[in-house]
Amino acid sequence: MPGPVVDVHTHVVPKGWPDLAGACGGSGWPWLRVDSERAAMIMVGETEFRPVGAECWDARTRLADMAADGVDVQVVSPTPVFFSYDRPAEQAVRVARIFNDLTLAVTAAGGDRLVPFCQVPLQDPDLACAELDRCLAAGHAGVEIGNHVGDRDLDDAGIVQFLTHCARVGAPVFVHPWDMPGGPRLDRWMARWLTGMPAETHLSVLALILGGVFDQVPETLRICFAHGGGSFPFWLGRADNAWHRRGDLVRGASTAPPSSYVDRFCVDSVVFDPAALRLLVDTMGEDRVLVGSDYPYPLGERPVGQVVRKADFLTTDQRDKLLSRNALRFLGRG
């Protein structure tokens, strides 16, 4: 019998957070311009960042959309603009506490159908571990992290310390690209989202592999990358070829070619096209792809999981893995 449909990639924007400059120190924080009961705008300074609606903060709206799409469970993660990795750690931990507690308030109305993931001040591994532990005790089920901290990628010693802690305490980790490079060539057509996000994710997967992280961190680490792993699955053959032919430059701290590590992480299914999904399943394996949507943002998939449901190359058992069982295992529930 098919299991519950789980969407591992959704975001939350709580409504009514305090003035962050007063609560956390510093300046230039995001704030919410409320335009109506069901519409608002995330502002960064005086710049409009993103319009949001009630689906971002109202559990009843989320549950209604889930019912319409045939989704039983959502993993609800922070919106990356609030990560604050570029700020002093003492400010970042304060904002993390505020949003983590507000997220619990949003998801509580959904019972066990809304599964909260927290954020942490990743620039300080000790504070990040402490905030994760606080959140797990309070009811969070895992953590979402950005794919880098400034120029430090996921093979940075401090980030490896945090990932090792996640493995030890059994917290699943969802990696989301953020803080993509800009410039004249990337500030058109949402190119930072259309090209920068796939490239950022690809680079961070390589950092875990070639930086030797998967050779250091216990295999108990459960880690999933957003947006189908970015461009990594399409270019895995290129990475293997480079590892073998230019190992003097490419191998880094890894002990095996990149393809040897695909069983160490998962990716979501947000690729929008059956041919891309086929490549993803062929490359990663049927046990490593989880349905995600990027709900409630406009570049996400609606109805959620439609590409998986319509993919005629999947068997019934494979489809159930992608829609349900793989995510339950990622969450530690399967």
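As a reminder, the structure under discussion sits directly above these lines.
To start, this report covers the structure provided alongside it.

Parameters at a glance
- Residues numbered from 1 in each chain as written.
- Predicted model: local features only at pLDDT ≥ 70, side-chain atom pairs only at ≥ 80, totals over all residues.
- Heavy atoms only, no water.
- Helix = DSSP H or I, 4+ residues; strand = E, 2+ residues; numbered from the N terminus.
- Rg over C-alpha atoms; globule rule 2.2 N^0.38 Å.
- Buried < 20%, exposed > 50% of the residue type's maximum accessible area, 1.4 Å probe, protein only.
- Contact = heavy atoms within 4.5 Å.
- 1 Å grid on protein atoms, 1.4 Å probe; cavity = no way out; pocket = protein on both sides within 12 Å on 5 of 7 lines; lining within 4 Å.
- Points joined across faces, edges and corners; volume = space filled by probe spheres on them.
- Salt bridge = Lys/Arg side-chain N within 4 Å of Asp/Glu carboxyl O.
- Phe/Tyr/Trp six-rings, centres within 6.5 Å; stacked < 30°, edge-to-face > 60°.

## Some thoughts on the overall build of the chain
Step number 1: Within the chain, the regular secondary structure consists of 12 helices and 11 strands.
Step number 2: A compact globule built from 334 residues would reach a C-alpha radius of gyration of about 20 Å, and the chain, at 19 Å, matches this within 12%.
Step number 3: When each of the 334 residues of the chain is scored for burial, the buried share is 56%.
Step number 4: Once local pairs closer than 6 in sequence are excluded, the contacts in the chain between residues at least 24 apart make up 69%.

## What about the layout of surface pockets?
Step number 1: One number sums up the size of the largest pocket: a volume of about 1000 Å³.
Step number 2: Forming the boundary of the largest pocket are 37 residues, of which F49, R50, M180, W193 and M197 lie nearest the centre.
Step number 3: Of all elements in the fold, only strand 4 (47-53) and helix 6 (191-210) reach the threshold of two or more residues within the lining of the largest pocket.
Step number 4: Of all the elements, helix 6 adds the most residues to the lining of the largest pocket, at 5 residues.

## Some thoughts on the pattern of salt bridges
Step number 1: Across all of its chains, the model carries 15 salt bridges by this definition.
Step number 2: For the salt bridge of D287 with K321, the shortest nitrogen-to-oxygen distance reads 2.8 Å. Taken as a pair, D287 in the loop between helix 10 (274-284) and strand 11 (289-290) and K321 in helix 12 (residues 316-330) lie far apart in primary sequence, 34 residues in all.
Step number 3: Take D287: its relative accessible area is 34%, and that puts it in the partly exposed class.
Step number 4: Among the charged side chains, a network of salt bridges with common partners joins R97, D101, E131 and R134.

## Side note on the packing of aromatic side chains
Step number 1: Under the counting rule described, the total for this entry stands at 12 aromatic pairs.
Step number 2: Here F214 and F265 contribute two aromatic rings whose centre-to-centre distance is 5.9 Å and whose plane-to-plane angle is 5°, an arrangement assigned as stacked. Of this pair, F214 sits in helix 7 (residues 213-216) while F265 sits in the loop between helix 9 (247-250) and strand 10 (266-268); the two residues are 51 residues apart in sequence, bridging distant segments of the chain.
Step number 3: Taking the relative accessible area as the measure of exposure, F214 reaches 3% and is therefore buried.
Step number 4: On the basis of relative accessible area, F265 is assigned to the buried category, the value being 0%.
Step number 5: A ring pair is formed by F232 and F265, whose centres lie 5.9 Å apart and whose planes are at 65°; its orientation type is edge-to-face. On the criterion of sequence distance, the pair formed by F232 in the loop between strand 9 (223-225) and helix 8 (236-245) and F265 in the loop between helix 9 and strand 10 is long-range, its members being 33 residues apart. Here the two residues F232 and F265 agree in accessibility, since each one is buried.
Step number 6: Site record: aromatic cluster; members linked through ring pairs are F214, F225, F232, Y261 and F265.

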